[in-house]
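Next come the chains, spelled out residue by residue.
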Amino acid sequence: MSDTAPILITGASQRLGLHCVQRFIEAGQPIIISYRQERAEITTLRELGVQCIQADFATEHGILNFIKQLTNLTPKLRAIIHNASLWIAEEGADTQAFTQMLNVHVLAPYLINEHCAPLLRQSPNADIIHITDDVTRKGSARRIAYCASKAALDNLTLSFAASLAPHIKVNSIAPALIMGLTGR
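Conventions used here
Residues numbered from 1 in each chain as written. Predicted model: local features only at pLDDT ≥ 70, side-chain atom pairs only at ≥ 80, totals over all residues. Heavy atoms only, no water. Phe/Tyr/Trp six-rings, centres within 6.5 Å; stacked < 30°, edge-to-face > 60°. Helix = DSSP H or I, 4+ residues; strand = E, 2+ residues; numbered from the N terminus. Buried < 20%, exposed > 50% of the residue type's maximum accessible area, 1.4 Å probe, protein only. Pairing = 2+ DSSP bridges. Axes fitted to C-alpha atoms, helices over the stretch in contact; angles between N-to-C directions. Contact = heavy atoms within 4.5 Å. Polar contact = N/O pair within 3.5 Å; in protein donor to acceptor, adjacent residues only side chain to side chain. Disulfide = S-S within 2.5 Å. Salt bridge = Lys/Arg side-chain N within 4 Å of Asp/Glu carboxyl O.

A.B. asks: Help me understand the packing of aromatic side chains in this model?
C.D. replies: Pairs of aromatic rings are described using the distance from one ring centre to the other and the angle between the two planes. Here the structure, examined in full by the defined rule, presents 3 aromatic pairs. Ring geometry for Trp87 and Tyr146: centres 4.5 Å apart, planes at 70 degrees, overall edge-to-face. With Trp87 in the loop between β4 (79–82) and α4 (95–120) and Tyr146 in helix α5 (residues 144–164), the pair connects residues that are 59 residues apart, well separated along the chain. Overall, Trp87 belongs to the exposed group, its relative accessible area being 52%.

Printed below as a string of structure tokens:
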């Protein structure tokens, strides 16, 4: 890869995020990740040279603290892949679960994109990728807050694509349920 600026991948200690990190490492791409909780994979990634920042995106304070650590760590970014996700069981009108999912799926990408756009502009090719969910096309009877927050992320993609073009390309990927990456 020609650009040596790191790629930021949020929520990259397991499943799809971890898979992406492993592929980028194989390609020689510098990586910075966020993770919510310590696990054996984080130790392995650190040993491979990945810069790992613990972060709790469920609160605005956690998001802003992450951004401060990130901007102190690197002067530029090649790309941001927003993979961090939260899947909380909803029981009735659970405003706490709804707020946490909005923070992780919408507020974190919004604030990270806003604060890190100058870092992305330092790279000749810059991308932001939001990992959304195919369920947003049809809704969900059981996961209303999750689906609504991922749908908001879809719209955030459109708005950032319009505001950051042409230098920073912003797209989303909306996979359906992913199984097999964790061996479950």
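A.B. asks: What am I meant to see in the environment of Glu90 here?
C.D. replies: Secondary-structure assignment places Glu90 in the loop between β4 and α4. Its relative accessible area of 21% is what places Glu90 among the partly exposed residues. Considering only alpha carbons, one finds Glu90 and Ser34, 56 residues apart in sequence, at a separation of 25 Å.

A.B. asks: Is there a simple way to explain the sheet that holds strand β5 (residues 126–131) in this structure?
C.D. replies: Taken in spatial order, the 6 strands of this open sheet run β3-β2-β1-β4-β5-β6, and their pairing is parallel. A strand with exactly one partner marks an edge of an open sheet, and here the two such strands are β3 (51–54) and β6 (168–173). Neighbour-to-neighbour, the strand axes of this sheet turn through a mean angle of 15 degrees, independent of strand direction. Helix-sheet contacts for helix α2 (residues 40–47) involve β2 (31–35) and β3, and the interaxial angle to β2 is about 165 degrees. Relative to β3, helix α3 (residues 60–73) is tilted by about 160 degrees, and along the sheet it contacts β1 (7–9), β2 and β3.

A.B. asks: It is not clear to me how the side chain of His105 should be interpreted in this structure. Could you clarify?
C.D. replies: Structurally, the position occupied by His105 is in helix α4. Residue His105 is classed as buried on the basis of its relative accessible area, which comes to 0%. Among the polar contacts made by the side chain of His105, one reaches the main-chain amide nitrogen of Leu86 at a distance of 3.0 Å. Beyond its immediate sequence surroundings of up to four residues, His105 is in contact with Ala84, Ser85, Leu86, Tyr146, Ser149, Lys150 and Leu153.

A.B. asks: Help me out: how do you make sense of the state of the cysteines in this one?
C.D. replies: Where two cysteines share a covalent bond between their sulfur atoms, that bond is called a disulfide. The tally for this structure, following the rule as stated, stands at 0 disulfides. Among the cysteines around Cys20, which has no disulfide bond, Cys52 carries the closest sulfur, lying 15 Å off.

A.B. asks: How do you make sense of the pattern of salt bridges when you look at a structure like this?
C.D. replies: When their charged atoms lie close together, side chains carrying opposite charge are able to pair. Scanning all chains against the criterion turns up 5 salt bridges. Between Glu26 and Arg23 there is a salt bridge whose closest N-O contact spans 2.7 Å. Of this pair, Glu26 and Arg23 both sit in helix α1 (residues 15–26), 3 residues apart, which is roughly one turn of that helix. On the accessibility criterion, Arg23 (35% relative accessible area) is partly exposed. Here Asp127 and Arg78 are joined by a salt bridge, their closest N and O atoms 2.6 Å apart. Of this pair, Asp127 sits in strand β5 while Arg78 is found in the loop between α3 and β4, placing the two residues 49 residues apart along the sequence. On the basis of relative accessible area, Asp127 is assigned to the buried category, the value being 15%. Each of Arg78, Asp127 and Lys169 takes part in a single network of salt bridges with overlapping partners.

So, to be careful, I would describe these as geometric facts and stop short of saying anything about function.
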